[in-house]
Structures are given as structure tokens and as C-alpha cells.
Amino acid sequence: MDRPEFDITIGKDGKLRVQVKGAHGEKCLELADLIRDIVGQEESRQLTSEYYGPGGMVRIDTHAKVARKT
Amino acid sequence: MSAVCVLTPIVISQWPAIATAVASVAASMGFAVVASGTQDHTTHRAAGDNRVETQVPNSEVLEETMTRGEKIVIEKDGIRIEFGRDERGACSVCVSGESYSKSQLKKIGEEVAGRVVQQFAYHKLMTELKKRNYDIVQENVAEDDSIRVRVRLGG
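Now for a description of the structure that goes with this document. (Residues numbered from 1 in each chain as written. Chains lettered and ligands numbered in written order. Predicted model: local features only at pLDDT ≥ 70, side-chain atom pairs only at ≥ 80, totals over all residues.)

Okay, the overall build of chain A next. Secondary structure assignment for chain A yields 1 helix and 3 strands. For chain A, the succession of helices and strands along the chain, N to C, is β-β-α-β. Within chain A, buried positions represent 26% of all 70 residues. Considering only residue pairs separated by 6 or more positions, chain A has 32% of its internal contacts joining residues 24 or more positions apart. (Helix = DSSP H or I, 4+ residues; strand = E, 2+ residues; numbered from the N terminus. Buried ≥ 20, exposed ≤ 12 C-beta atoms within 10 Å, placed from the backbone. Contact = placed C-beta atoms within 7 Å.)

Laid out in C-alpha cells, this is it:
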């Protein structure tokens, strides 16, 4: 896996847009939380397909019907 | 990318750090720092009501880190901007200028206040990420005056 990195844009109004790269699943959330804890309050967070990549945990609910022999 | 976050900086800090951000903004926007500290600023006030007061958004100046009445004042093209601490602890921004309308002064004050937040957030973020072993890979100021930085966890 690539080393985690951030692409950060700080607008002239002070607002930040942070893109987290190179991290999946919980690690990605930790990195996003890190930036939030340093800077201030989070207005929005959007997870992308890379979040669910290898190493990310996805819960799958399955319902199986067992046929009964009669 | 795995996540995209939009954040609003909270500027809670000691006065010297905020004054440093103001000085950086002054330099980048062509303002001159004309006063800093507890000098008497009353004689320099614009005549009449041609002044607008606002705040640096989401700010708090830690009281124990500044002397009562301490301010930093910047000037350019007949515009005077005083930064200090108001009664509620926020970083106050007072903009005055005889040749400007109130709406113009308000716009200038908001723009400068936004730039102060930008500088503060940039320095705080870079300081903290370096402590956590992140390296600055790329850095530039875009045409729209936004600061763009790429940082990567060090090897």
C-alpha cells in the first residue's frame, strides 16, 4: 500500500478541503480525524471507493433459507 | 483518494501566534504593520463613523497571553485595520478608511479576516503534521490565492 498522504487546499476564506489518499478502511478514518483534531470543526466528509479497497472492512449481511426435506 | 473532508478552522490561540498570522497576511496583501503592542491608537482613528467592526470567525484569543489593550495595526491605501481582543475573547477586526464606504470596509475586513484564518490554519497544520513525521512533498499558492499542500507520511 502507498504511504498515506493528504492533498490540502486552504482557501483564502480559511476553509480547508482535505483529500486523504493511500489509506483504506479504519486507517482512512483515523487520518481524517487527525486533520479535524488539528484544525477545527468538520463540515462534511465523503468516503470514496478507495476507502473500501483491500484492507478495508465491509460487513455483508446474508440470509440463507434452508430447504427442508419432506 | 479514500476520503474528502471539508473543515472550518477554529482559531483558539495565544495572541503572539495570531499577531504573527496578521503580520504574514499584511506582508502578502501589501499592508504595512504600523503599530503593535499597547500603544495608544485613539489619535489615529478615522473621523466620523467611517469604521466597521467584525471578528475573525471561530476565534478566541487566550487572555493570559496578551496585555490589556494590546493590538496590531496594519495600513494600506488609506485603509487602517486594527486587530485585538474583544470582550467575549474573540479576535476583533476594526476597519476604517475615510475614502471608503462601509460596505467596502466590511468586504475588506472579511477578506483580511479570512486570510488570517488561512495563515493560522496553514502554520498550525504544517507544525503538527511535521511533529507526526509527515513530509511536505509539494506546496504552492494558486491563482485564486488558495494554499495547496501535499504531505506524505515519512518513510
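Core analysis: the largest hydrophobic core is formed by 52 residues, its most contacted members being B:Ile18, B:Val22 and B:Val116. With 11 residues, the single largest contributor to this core is helix α2 (residues 102-131) of chain B. (Core = buried A, V, L, I, M, F, W, Y, C linked by C-beta atoms within 7 Å.)

Another point: the pairing of strand β1 (residues 5-10) of chain A. For β1(A) and strand β2 (residues 16-21) of chain A, the ladder comprises 6 bridges, and the chain directions are antiparallel. By the bridge assignment for β2(A), A:Phe6 is matched with A:Val20. Joining the antiparallel neighbours β1(A) and β2(A) is a turn of 5 residues, in which A:Gly14 adopts a positive phi near 95°. The pairing of β1(A) with strand β10 (residues 147-153) of chain B spans 6 bridges and is classified as antiparallel. Paired with A:Thr9 across the strands is B:Arg148, a residue of β10(B). (Pairing = 2+ DSSP bridges.)

This part covers the environment of B:Gln14. All names here are of chain B. Of note, Gln14 is situated in the loop between β2 (11-13) and α1 (15-29). Spatially, the C-alpha atoms of Gln14 and Glu63 are 7.8 Å apart, while their sequence positions differ by 49 residues. Filtering out sequence-adjacent residues up to four positions away, Gln14 remains in contact with Leu62 and Thr65.

Here we come to the pairing of β2(A). Of the two faces of β2(A), the one holding A:Leu16, A:Val18 and A:Val20 is buried and the one holding A:Arg17, A:Gln19 and A:Lys21 is not buried anywhere. For β2(A) and strand β1 (residues 3-9) of chain B, the ladder comprises 5 bridges, and the chain directions are antiparallel. Counterpart to A:Arg17 in the pairing with β1(B) is B:Val6.

On to the sheet that holds β10(B). A sheet is described by the order of its strands in space; here 6 strands give the open sequence β3(A)-β1(B)-β2(A)-β1(A)-β10(B)-β9(B), paired in antiparallel fashion. A strand with exactly one partner marks an edge of an open sheet, and here the two such strands are β3 (40-47) of chain A together with β9 (134-141) of chain B. Across this sheet, the average inter-strand angle for adjacent strands is 20°, counted without regard to direction. Sheet topology places β3(A) next to β1(B); 7 bridges connect them, and they run antiparallel. Residue pairing across strands places A:Gln41 opposite B:Thr8, the latter belonging to β1(B). (Axes fitted to C-alpha atoms, helices over the stretch in contact; angles between N-to-C directions.)

This part is about the sheet that holds strand β7 (residues 79-85) of chain B. Residue and element names in this part refer to chain B. One open sheet accounts for 5 strands, arranged β3-β6-β7-β8-β4; its pairing is antiparallel. At either end of the open sheet lies a strand with only one pairing partner, and these are β3 (32-37) and β4 (51-55). Here the strands of the sheet are splayed against their neighbours by 15° on average, with no regard to which way each runs. Pairing of β7 with strand β8 (residues 91-96) involves 6 bridges; the strand directions are antiparallel. Across the sheet, the residue bridging to Arg80 is Ser96, located in β8. Packing of α2 onto the sheet brings it into contact with β4, β7 and β8, and relative to β4 it is tilted by some 30°.

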